[in-house]
Amino acid sequence: MNKSVPVVKVLFVFCIALLVTAVSFFPGFADDPGMQNKVIFGPGDDKRGYESADYTTNTLDLQKRIGKEADLISFVRQPPLGLPPVPVPAENPVSTKKILLGRKLFFDRRLSINDTFSCGMCHIPEQGFTNNEIETAVGVEGRTGKRNTPTVYNVAYFNKLFHDGRESTLEQQVWSPFLARNEMANPSIGYVINKIKAIREYDGLFEEAFDGRGPTMETVGMALANYQRTLNSADSPFDRWYYGKEKGAVSEQAKRGFQLFTGKGGCSACHLVKEEYALFSDDRLHNTGLGYKESMRSGSGTTSVQLAPGIFTELENTVIQSVSRAKENDLGLYEVTENPNDRWKFRTPSLRNVALTAPYMHNGSIYTLRDVIDFYNRGGIPNEILSPLIRPLHLTDSEVEDLVAFLNSLTGGNVTTLVTDAFAAPVGDMGKDDPNWTHENKLEY
Amino acid sequence: MKKMANLHARWLQGTIASLCVLLASVVGFQSAAIADETCMSPYMAKIVGQEDYVYIWTLGKEGVGDGSDKLVTVAVNPESPHYGKVVNSLSVGGRNEAHHSGLTDDRRYLFAGGLDTNKIFIFDVHTHPNKPSLHKVITDFVEKTGGMVGPHTMYALPGRIMVSALSNNKDHGGRTGLAEFTNEGEFVAAHWMPTDEDMRGAQKVGNIADGYGYDVRVLPRRNVMVTSSFTGWSNYMMDFGKMLGDAEAMKRFGNTVVVWDLHTRMPKKVFEVPGAPLELRCAWGANNNYCFTTTALTSQIWLIHEDDAGEWHAQSVGAIGDPSQVPLPVDISITADDKGLWVQTFMDGKTRYFDISDPFNPKQTYEHQVGSQVNMISQSWDGKRAYFTSSLLGNWDKTGDQDEQFFKLFEWDGEKLVHKFTVDFYAENLGRPHQMRFGAYSLYSQKPNSEGTMLSQRVE
């Protein structure tokens, strides 16, 4: 018996070490032990390894998914470690009633012209509140969005919204996707308001949340802004190390990565890190050359297309073009200002939860963090108005890996809480009692 | 070594099964007499003579006519004064991504689904076979099923319609299920596809249990239901070219066929069938215990078959065209005698006829250029008439000059297709024709109306 004790101790220490490693690599597991056997940091339809013929599924079941309501307002009142106080407009203070109403609106698919699209169909909770499964968004009737869905994590902190920075407040921002023809495609503001008024589930909810005011352009925006303003995610391993002074919270490799991030790599020139907090964004727009490259691309050649696990083919681009509708170029900030110097400038995204928000860049064209760093290491894509901050970095392979380790340490400690809270939200779909816009006059047939 | 042993075992199983099937086809009775238009449910009333109408579930296109989805009725009885002409067009409002449709077992109602809006339109086709009317619209499919999106196949079971869905309302991906409705359109039950997290008692035969869905067919004799797998809303609604260039999106295709217990609706085996197995067609012969499917992306013919011990298997039995060029096999149709399989390849616009007398060794014996693109086929029970339509999906169809949209009839003499008529759906301001279903006065013991359309020959 005595002889076995050291073995048990060694095993115990090993297990603890393994757990600590796992928790620091997948920090979201830390705040809900019940979720440790679930992969909710990514699509439940897990396609990792799909490139290989040996791909094996690990598919989660939608019927098994369990939601758990969280105290969302606490993430506004006391944002997680590493974030500054949440800016809240005086005319729209946060309240639990407004947050819950905003969350209900966020996941209501009826708030689109044909009842198929909610905000949550693109900002998918377990996929980093973006869409990991496609490069650029697809809207009502499958209409093409030319940009990657940006995450809504920590969106409370920014004054430039959308990849081209065209909007300035969350309250106003919500109306763009509601009305955009290639997003939710509602024909007018009044149409959305009237629809909400006609859905019985909303009876009284606006009035309770807004001191007697019903659904209006303003209250709809304020409710949705309230929910999005709670999606603050930090207290990551990096935060616990850098701001919390927990020495072992991140690996030595991640620490080296941080030195590169703020030093040789020059990343923090745009992805800002401050003394008391870090938003990892300067809230400005820059030309990295990626937009330029896409605008100037050639249509000739071939494209490698995957057909099944481990099976690829090279398709002539002319074949692909035969089934392609015309694609709109993306000129970034220029589309807002029409200033030629603003061509191909896009907003600096925050890097918080960046491990969860692939694919990357404004057009979703880069799939891994390693490839993003390689892109910047090469100095972006040269063009006459390339940002002077973009230059070859001369990072070695191991330095690139260090940076990747650092970026992987930025996953917030409350991700599981925010995702399972979203799972608890009702998904609004057409019910028998809902207004049947198209077919209520079926006797005409 | 283990792999080799498995291969030998599979070869042996395949050989034995082949011999059994061959034997069955030699001594078994001819099944043509019991066949309906050949891809229909065996539970349905059958048109065994000349069909009077083809109902074409048509996708609206912006800028074409009213831009709305519609059920188009074309007279196809040569004795009709309106032969080859559109006799009715019934718009349903909106573009719902009209796709597949299916008749109830009594053929009185046609269920037609919208893959985008999740509406199911139920048309009365028996009161006036030449002028269907909209009987009811199911608008709460997603809510009733607990989150299924994209009602696809509408398949007749006794007093019921089994609907296979393509997607879900959580991530618009491919995880989905089957939903069961009464012939009156009342929801009965949802049956979700097996996933790794919940196999629902099924065996995962290969590495994959993706939970995707597409088509559904049954072999009642064997108490078997079979389903296949395609892709979720994000892909089937996306611009086809955009998707081909999106490597992440291209990972989101189904790679499974599931064999179910028909009576209990419980999945039994999940087979790995890589590259989006789409349409399923089960053999009609009394001893032919197998179904075919083709994979859209990998361009293979797969046989789903039962061995002597009652075990089901899935194996690839042949290629379609040059798979490296992705001809994209879409609709297929088995002949009533189980000896032939029509396969449409969308990208090259061809129809190909495979001799499947030996189901383990299909051989292409004929091909014909139907148009610049082609999707669906419906053949008459005797195999003498084959109807074709052009549209695949609203955002997958070809663009520019290659975007032909037609409904065509060909006669098949056993050696070649002979063109009889074409209805140009753009010229007629109708839209994009997709699935076809047949109608006949003879089904309802009716006389032809004043248009003079003749009675069909007989009904079983």
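Residues numbered from 1 in each chain as written. Chains lettered and ligands numbered in written order. Predicted model: local features only at pLDDT ≥ 70, side-chain atom pairs only at ≥ 80, totals over all residues. Heavy atoms only, no water.

Some remarks on the overall build of chain B
- Each helix and strand counted, chain B has 4 helices and 29 strands in total.
- Looking at chain B as a whole, 68% of its 460 residues are labelled buried.
- Counted over contacts in chain B with a minimum sequence separation of 6, partners at least 24 positions apart contribute 57%. (Helix = DSSP H or I, 4+ residues; strand = E, 2+ residues; numbered from the N terminus. Buried < 20%, exposed > 50% of the residue type's maximum accessible area, 1.4 Å probe, protein only. Contact = heavy atoms within 4.5 Å.)

Regarding the sheet that holds strand 2 (residues 70–75) of chain B
Residue and element names in this part refer to chain B.
- Pairing is antiparallel across the open sheet formed by 4 strands, whose spatial order is 3-2-1-29. Two strands close off the open sheet at either side, each with one partner strand: strand 3 (86–91) and strand 29 (432–439). Between one strand axis and the next, the sheet turns by 20° as a mean value, whatever way the strands run.
- The pairing of strand 1 (residues 53–59) with strand 29 spans 6 bridges and is antiparallel. Bridged to tyrosine 55 within strand 29 is arginine 437. (Pairing = 2+ DSSP bridges. Axes fitted to C-alpha atoms, helices over the stretch in contact; angles between N-to-C directions.)

A short note on unusual backbone geometry
- Residue Ala358(A) is joined to Pro359(A) through a cis peptide bond whose omega torsion reads -5°.
- Mapping Pro359(A) onto the fold places it in the loop between strand 4 (346–347) and helix 14 (369–377).
- Even without being glycine, Asp211(A) reaches a positive phi, approximately 50°.
- Mapped onto the secondary structure, Asp211(A) falls in the loop between helix 7 (205–209) and helix 8 (217–228).
- The exposed category is assigned to Asp211(A), whose relative accessible area is 78%.
- If you check the backbone angles, His172(B) has positive phi at about 55° while not being a glycine.
- Here His172(B) shows up in the loop between strand 9 (160–168) and strand 10 (177–182).

Overview of helix 3 (residues 96–106) of chain A
Residue and element names in this part refer to chain A.
- With respect to burial, helix 3 is a largely interior element, 8 of its 11 residues being buried.
- Buried within helix 3 we find Lys98, Ile99, Leu101, Gly102, Arg103, Lys104, Leu105 and Phe106.
- Buried residues belonging to helix 3 abut helix 6 (189–198), helix 7, helix 8 and helix 16 (415–424).

Digging into the pattern of salt bridges
- Summed over the entire model, instances satisfying the criterion amount to 65 salt bridges over all chains.
- Linking Glu133(A) and Arg252(B) is a salt bridge whose minimum nitrogen-to-oxygen distance equals 3.5 Å. Highlighted residues: Glu133(A) in the loop between helix 3 and helix 4 (170–173) and Arg252(B) in the loop between helix 4 (240–244) and strand 15 (256–261), drawn from two different chains. The pair formed by Glu133(A) and Arg252(B) is uniform in burial state, with each residue classed as buried.
- The salt bridge partner of Arg281(B) is Asp331(B), with a shortest N-O separation of 2.9 Å. Placement of the pair is Arg281(B) in strand 17 (residues 277–282) and Asp331(B) in strand 21 (residues 329–334), with a sequence separation of 50 residues.
- Residue class for Arg281(B) comes out buried when judged on its relative accessible area of 2%.
- Residue class for Asp331(B) comes out buried when judged on its relative accessible area of 0%.
- Here the salt bridges do not stand alone but share partners, grouping Lys146(A), Arg147(A), Asp164(A), Arg166(A), Glu328(A), Asp330(A) and Glu335(A) into one network. (Salt bridge = Lys/Arg side-chain N within 4 Å of Asp/Glu carboxyl O.)

Description of the interface of chain B and chain A
- Each partner contributes to the interface: chain B provides 80 residues, whereas chain A provides 71 residues.
- Buried surface at the junction of chain B and chain A, summed over both partners, amounts to about 6300 Å²; 51% is from carbon and sulfur atoms.
- Linking chain B to chain A there are 7 salt bridges.
- At the junction of chain B and chain A, the tally comes to 34 residue pairs in polar contact (both at pLDDT 80 or more).
- Counting only elements with at least two residues in the side of chain B that touches chain A, the list comes to strand 3, strand 7 (133–138), helix 2 (141–145), helix 3 (233–236) and helix 4 of chain B.
- Here the side of chain B that touches chain A is composed, by residue class, of 28 nonpolar, 26 polar and 26 charged. (Buried area = accessible area lost by both parts, 1.4 Å probe. Polar contact = N/O pair within 3.5 Å; in protein donor to acceptor, adjacent residues only side chain to side chain. Nonpolar A, V, L, I, M, F, W, Y, C, P; charged D, E, K, R; others polar.)

Things to note about the confidence of the model for chain B
Residues and elements named next belong to chain B.
- With 89% of its residues at a pLDDT of 70 or more, chain B shows a mean pLDDT of 91.
- The low-confidence segment residues 1–36 (pLDDT under 50) makes 41 contacts with residues lying over four places distant or belonging to another chain.
- Confidence drops under pLDDT 50 across residues 452–460; counting only partners more than four residues distant or on other chains, this segment forms 37 contacts.
- Across the assembled chains, the prediction reports ipTM 0.90 with pTM 0.91. (pLDDT = per-residue confidence, 0-100.)

Overview of the pairing of strand 17 of chain B
Residues and elements named next belong to chain B.
- Most of strand 17 is tucked away, with 6 of its 6 residues classed as buried.
- Relative to strand 18 (residues 290–295), strand 17 runs antiparallel, the two sharing 4 bridges. The residue of strand 18 that forms the bridge with proline 277 is threonine 295.

Focus: the nonpolar core
- If you look at the biggest cluster of nonpolar residues, it comprises 108 residues, and the most contacted ones within it are Leu105(A), Val220(A), Tyr227(A), Phe141(B), Phe230(B), Tyr236(B) and Leu328(B).
- Residue-level mapping places this core at the junction of two domains, with at least three residues from each of domain 1 (7–62 + 300–322) and domain 2 (65–233 + 415–436) of chain A.
- The contact partners of Phe230(B), leaving out residues within four places of it in the chain, are Leu166(B), Tyr212(B), Gly213(B), Tyr214(B), Tyr236(B), Arg252(B), Phe253(B), Gly254(B), Ala276(B), Leu278(B), Leu393(B) and Trp396(B).
- Counting 40 residues, the second-largest nonpolar core is a separate cluster that includes Val76(B), Val137(B), Phe421(B) and Leu443(B). (Core = buried A, V, L, I, M, F, W, Y, C linked by side-chain atoms within 4.5 Å. Domains from an automatic or database assignment.)

Looking at the state of the cysteines
- Under the criterion given, the structure shown has 1 disulfide over all chains.
- Each sulfur of the disulfide joining Cys282(B) and Cys291(B) lies 2.2 Å from the other. As the torsion about the S-S bond is roughly 90°, the Cys282(B)-Cys291(B) disulfide counts as right-handed.
- Its sulfur unpaired, Cys119(A) is 9.0 Å from the next cysteine sulfur, which belongs to Cys122(A).
- Considering cysteine sulfurs only, Cys282(B) is the nearest to Cys39(B), which forms no disulfide, with 11 Å between them. (Disulfide = S-S within 2.5 Å.)

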